[in-house]
Amino acid sequence: MSVNESVNRIVAGSGVILAGTLIGMLLDIVIKGVLTSYLSPADFGTYSLALTVISITGAVATLGLHEGVPRYIAYFRGRHEEHNIPELIISAILMGLIAGMLAMLVSPLLFERLAGDGFDIQGKISSVVKIMIFAIPFTILLNLSVAIYRGFDRTSVNMYFYNIIRPVSLLGFASAAVFFGVSLKGVVFADLLSMVFTFGVMAVYFIRRPPIKPEWKLKFSEPTKKLIRYSFPLLISATLLNLMTWTDTIMLGYFKSAEVVGVYSAVYPLVGFLSLIIGSMGFVYIPVTSKLWGENRTESLGSIYAIMTKWCFLLTFPVFALMFVYPDFILTKIYGANYAVGAPVLRILALGFVANSYFGFNYHTIMASGDSDFLMKCSVSSAGINAVLNFVLIPQYGMLGAATASSVSFASIEVLMTLRAWRSQHMHPFTPMYRRLSLIGAVLVVGMLIAREMLPLSGASWEYAAFMVVYFVALRYGKVLDETEMDMVNGIKKTIVQNMSILLSQALKTPGLKL
């Protein structure tokens, strides 16, 4: 597979993933609208807290296999060792099922032990958790099923099940629960039914359209040992990264008022939009590059890394510019004037989190190479920096200190991973064209800030529209993309349109199980 073919596959596949993500986000908003219109704020808060407990438990019980499985399937395919894949799949499913059953038994006890009587005085959250725990094994098996298809480059399965079937079924069951006027436990039971239904559809799909001819032989040899050794550090890494997102909120609640926590909690999720592009591309990037690693064709990986990073930042930069230059405008439009005080927080967070797109696919490249131990070490270092900075900055600077701690810690892990990719694989994204793109971006942001302060312009909407025009003109004439890449852009446009047309026609013309 050439560099152009690899890039085409990554971008075309990520277009489908991004579309699915946006669909899922829209459906999630509709679902929350249905639930919040029916449940009281206290009941919806109870439901949300219980869902958080189950999400954390399920993430830990997945054991990092949702990342390890697609990497090793693609790797063995590249090495033409497909005979190892059935063992890999069966081992992952069994480990996931066992971990899921243990998590289902441990979750209520762990919650009661950690929360204490003061946190859940009436036992409402605990009673809801005891219903939702039955979703954990189904969730883990669904995660692993999607991961298996991902290893075979069938990334559209993620869109079908996570972005369409799961939210649509939840919307249907939740709407039925509201229609019949059930209690909070009835709504929770509707959520559980939705997960069971989604897994049931996946089970039928897996049987009817398996990614590989199944060989039901139970054995635990070298492929399983490799999978465990690779996945466990990723579990530690993912857990620490999740803890980093909670540390600042917890410390803010300890040192500052609930009002400060409320503003910060409203602002923080917005920077997640800066990761939409790299998250979608990374979902396809890992199996594609892992297969190349298995084929021992690493000479093309550096070019793929550099090209994909440039395109990722190129597409993410307009969102960053909007958040950095007009944070007060965004917060006022979304939450109201009372949340405009969080504008400096959004600016700081945007500056730190855009590093994820700017440094690009360092994490994914290291993961594809099999160096999961280093990713764990990076996460430990970053989590330590985050905790220390939060403890030092929050008492004096409040939510500005929390934002600074998060930005510095997340940016530091990007620098560490970029240095690792350079030292171990001699790969980096900073080509002359990428440096030119960085300069164009910096000049435009500074120009926007100056124009906003010095000129009596007509408002953020018109100013941003003018910026977008100037930005794309600068890209066109600033020699950021070469002729080959322009041809690839045109080819990718056609591929994405064709893929979406095929997916839509399949969804409309075929029965629900033939996805």
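Report follows, based on the coordinates. Bear in mind that the values here come from a model prediction, so they are computed numbers and not experimental data.

## Some points on helix α11 (residues 276-294)
So, point 1. In this model, α11 (19 residues) spans 28 Å end to end at C-alpha, consistent with the 27 Å of a helix rising 1.5 Å per residue.
So, point 2. Along α11, the largest kink reaches about 30° and is centred on glycine 282.
So, point 3. Here α11 lies mainly inside the structure; 18 of its 19 residues are buried.
So, point 4. Immediately downstream of α11, the backbone of asparagine 296 shows phi near 60°, a positive value.

## Quick notes on the environment of arginine 229
So, point 1. Take arginine 229: it is sitting in helix α9 (residues 222-255).
So, point 2. In this structure, the C-alpha to C-alpha distance between arginine 229 and glycine 370, residues 141 residues apart in sequence, is 9.9 Å.
So, point 3. If near-sequence neighbours (up to four positions away) are discounted, arginine 229 is found in contact with Glu222 and Ser372.

## Regarding a nonpolar patch on the surface
So, point 1. Among the surface-exposed residues, Ile56, Val60, Leu243, Trp246 and Ile250 lie close enough to one another that they form a single nonpolar patch of about 410 Å² accessible area.
So, point 2. Listed by contribution, the elements that provide at least two residues to the nonpolar patch are α2 (41-61) and α9.
So, point 3. Among the elements that take part in the nonpolar patch, α9 stands out by supplying 3 residues, more than any other.
So, point 4. Here isoleucine 56 lies in helix α2.

## Quick word on the nonpolar core
So, point 1. Counting residues in hydrophobic clusters, the biggest one holds 90 residues, and the most contacted among them are Val69, Ile73, Phe161, Met202, Leu227, Met308 and Phe361.
So, point 2. Leu331, Val345, Ala350 and Met448 belong to the second-largest nonpolar core, a separate cluster that totals 47 residues.

## Overview of the environment of glycine 13
So, point 1. Among the secondary structure elements, glycine 13 is positioned in helix α1 (residues 3-38).
So, point 2. Among all residues touching glycine 13, those that are not within four sequence positions of it are Thr155 and Val284.

## Re the pattern of salt bridges
So, point 1. All told, the structure shown has 5 salt bridges when counted by the stated rule.
So, point 2. For the salt bridge of arginine 166 with aspartate 191, the shortest nitrogen-to-oxygen distance reads 3.0 Å. Here arginine 166, found in helix α7 (residues 156-179), pairs with aspartate 191, found in helix α8 (residues 184-208); they are 25 residues apart in sequence, far enough to count as distant. Comparing arginine 166 with aspartate 191, the two get one shared label, buried.

## Quick look at the packing of helix α14 (residues 343-353) against helix α18 (residues 399-425)
So, point 1. Where α14 contacts α18, the axes come no closer than 8 Å and their chain directions differ by 5°. It follows from the interaxial angle that α14 and α18 lie roughly parallel. For the pair formed by α14 and α18, the contact residues are Pro344, Val345, Ile348, Leu349, Gly352 and Phe353 on the first element and Met399, Leu400, Ala403, Thr404, Ser406, Ser407, Phe410 and Ala411 on the second.
So, point 2. Counted by class, the contact of α14 with α18 contains 10 nonpolar, 4 polar and no charged residues.

## Comments concerning the packing of helix α17 (residues 372-397) against α18
To describe two helices that pack against each other, one gives the angle between their axes and the distance between the axes.
So, point 1. For the pair α17 and α18, interaxial distance at closest approach is 8 Å and the crossing angle is 160°. Judged by the inter-axis angle, α17 sits roughly antiparallel to α18. Note on packing geometry: the crossing formed by α17 with α18 is right-handed.
So, point 2. Tallied by class, residues from the contact of α17 with α18 come to 17 nonpolar, 10 polar and 1 charged.

## Regarding unusual backbone geometry
So, point 1. Backbone geometry at leucine 63 places phi at a positive 65°, although glycine is not the residue there.
So, point 2. As for its placement among the helices and strands, leucine 63 is situated in the loop between α2 and α3 (65-78).
So, point 3. The exposure class assigned to leucine 63 is partly exposed, which follows from its relative accessible area of 29%.
So, point 4. We note that aspartate 153 has phi near 70°; this positive angle belongs to a residue other than glycine.
So, point 5. Locating aspartate 153 in the fold gives a position in the loop between α6 (136-151) and α7.

About the criteria used
- Residues numbered from 1 in each chain as written.
- Predicted model: local features only at pLDDT ≥ 70, side-chain atom pairs only at ≥ 80, totals over all residues.
- Heavy atoms only, no water.
- Helix = DSSP H or I, 4+ residues; strand = E, 2+ residues; numbered from the N terminus.
- Expected span 1.5 Å × (residues − 1).
- Bend = angle between axes of the 7 residues up to and from the residue.
- Buried < 20%, exposed > 50% of the residue type's maximum accessible area, 1.4 Å probe, protein only.
- Contact = heavy atoms within 4.5 Å.
- Patch = residues over 30% accessible without salt bridge, like charges linked within 9 Å, V, L, I, M, F, W, Y side chains within 5 Å.
- Areas by Shrake-Rupley, 256 points an atom, 1.4 Å probe, with all protein chains shown as cover.
- Salt bridge = Lys/Arg side-chain N within 4 Å of Asp/Glu carboxyl O.
- Core = buried A, V, L, I, M, F, W, Y, C linked by side-chain atoms within 4.5 Å.
- Axes fitted to C-alpha atoms, helices over the stretch in contact; angles between N-to-C directions.
- Parallel < 35°, antiparallel > 145°, perpendicular 65-115°, else oblique.
- Nonpolar A, V, L, I, M, F, W, Y, C, P; charged D, E, K, R; others polar.
- Left-handed = near helix turned anticlockwise from the far one by under 90°.

Everything listed is a geometric property; what it means functionally is a separate question.
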